[in-house]
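Tertiary structure, described
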Amino acid sequence: MKLEVHNLSAGYAKAQVLFGLSLEVAEGELVALLGANGAGKTTALRTVSGLIRAWGGSVHLNGQSLAGISAARRAKLGLGHVPEGRQLFPLMPVEENLLLGAAFLAWEHRAAGLEYVYALFPRLRERRGQLAGTLSGGEQQMLAIGRALMGRPRILMVDEPSLGLSPKLAEEVLQTLAQVRSEGMGVLLVEQNVALSLEVADRGYVIEHGSVVLSGSAAELSGNPQVQKAYLAL
Ligand code: ATP
């Protein structure tokens, strides 16, 4: 399975944010999407997942065009999205939040999903009955990722997972994404902590003003003087 984004444009009302964005994510690779505040990273994820409408260009999943396909249907086709700000249901227990991520799957898949997520995040198993709103920031991030994994995505897009987390927890969460990548999932990661994201990523794209200005392997990007100056504060 492969996600192919070609020449995508999108925005809000009359404000255009994406200007011909192109990128690819295949199964089994972790791809970082880098860029300054306001470059359009979140908008890119929201457009690909179908939460906002594309103005032009194309998004293909496994060769199939996603034009006119709803966000819910895209999730069923294998596209997972962990949105910025997590979007959990604070007054529902952990396990209910997880099950909502797989509401469209048969019961046996939901049960298997819970086992998978609890194995990945044992902390969530311990707290399965606790209200999501009372979890720590790190636990909430685990829950948001776990909920997306419940839908059995083949390609998972994750927006700013380390936001508000201690360096240790941020590392832990990113290592978990590296692990699901190693199991064959494709991961598209938007991450404020560029150094950390290039540590776990295979490849990356740098976007400015809504289009890609630089791409390469994580090693190439880490060694690039422009990237070092703008994002790694070297
Ligand atoms: P950050 O790292 O700061 O989250 P980003 O690269 O993810 O930045 P976006 O969130 O995609 O950037 O925002 C791109 C531009 O779109 C910004 O100028 C932002 O103000 C604008 N924008 C984002 N959401 C909306 C909205 N709902 N309505 C209008 N403008 C928006």
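Provided above is the structure to which this section pertains.
Note that the structure is predicted; figures quoted are calculated from it, not measured. (Residues numbered from 1 in each chain as written. Predicted model: local features only at pLDDT ≥ 70, side-chain atom pairs only at ≥ 80, totals over all residues. Heavy atoms only, no water.)

Some points on the layout of surface pockets
- Each pocket or cavity is described by its volume, and for the largest pocket that value is around 630 Å³.
- As for the largest pocket, its lining consists of 25 residues, of which L51, A75, H81, P83 and R147 are closest to the centre.
- Secondary-structure elements contributing two or more residues to the lining of the largest pocket are helix 1 (41–48), helix 2 (71–76), strand 6 (79–82) and helix 6 (137–150).
- Ranked by residues supplied to the lining of the largest pocket, first place goes to helix 2 with five residues.
- For the lining of the largest pocket, the class distribution of residues is 12 nonpolar, seven polar and six charged.
- Reported here for the second largest pocket is a volume of approximately 220 Å³.
- Y116, L149, R152, P153 and M185 are, among the 14 residues lining the second largest pocket, the residues nearest its centre. (1 Å grid on protein atoms, 1.4 Å probe; cavity = no way out; pocket = protein on both sides within 12 Å on 5 of 7 lines; lining within 4 Å. Points joined across faces, edges and corners; volume = space filled by probe spheres on them. Helix = DSSP H or I, 4+ residues; strand = E, 2+ residues; numbered from the N terminus. Nonpolar A, V, L, I, M, F, W, Y, C, P; charged D, E, K, R; others polar.)

Structural notes on the site of the ligand
- The ligand sits among 13 residues. The nearest are G38, G40, K41, T42 and T43.
- With respect to the ligand, the backbone of G38 contributes an N or O atom lying 2.8 Å from an oxygen atom.
- At a separation of 3.5 Å, an oxygen atom of the ligand approaches a polar side-chain atom of E84.
- In isolation the ligand offers 640 Å² of accessible surface; the protein chains occlude 57% of this area.
- Here the shell around the ligand gets three residues from one element, more than from any other, and that element is helix 1. (Near = heavy atom within 4 Å. Polar contact = N/O pair within 3.5 Å; in protein donor to acceptor, adjacent residues only side chain to side chain. Areas by Shrake-Rupley, 256 points an atom, 1.4 Å probe, with all protein chains shown as cover.)

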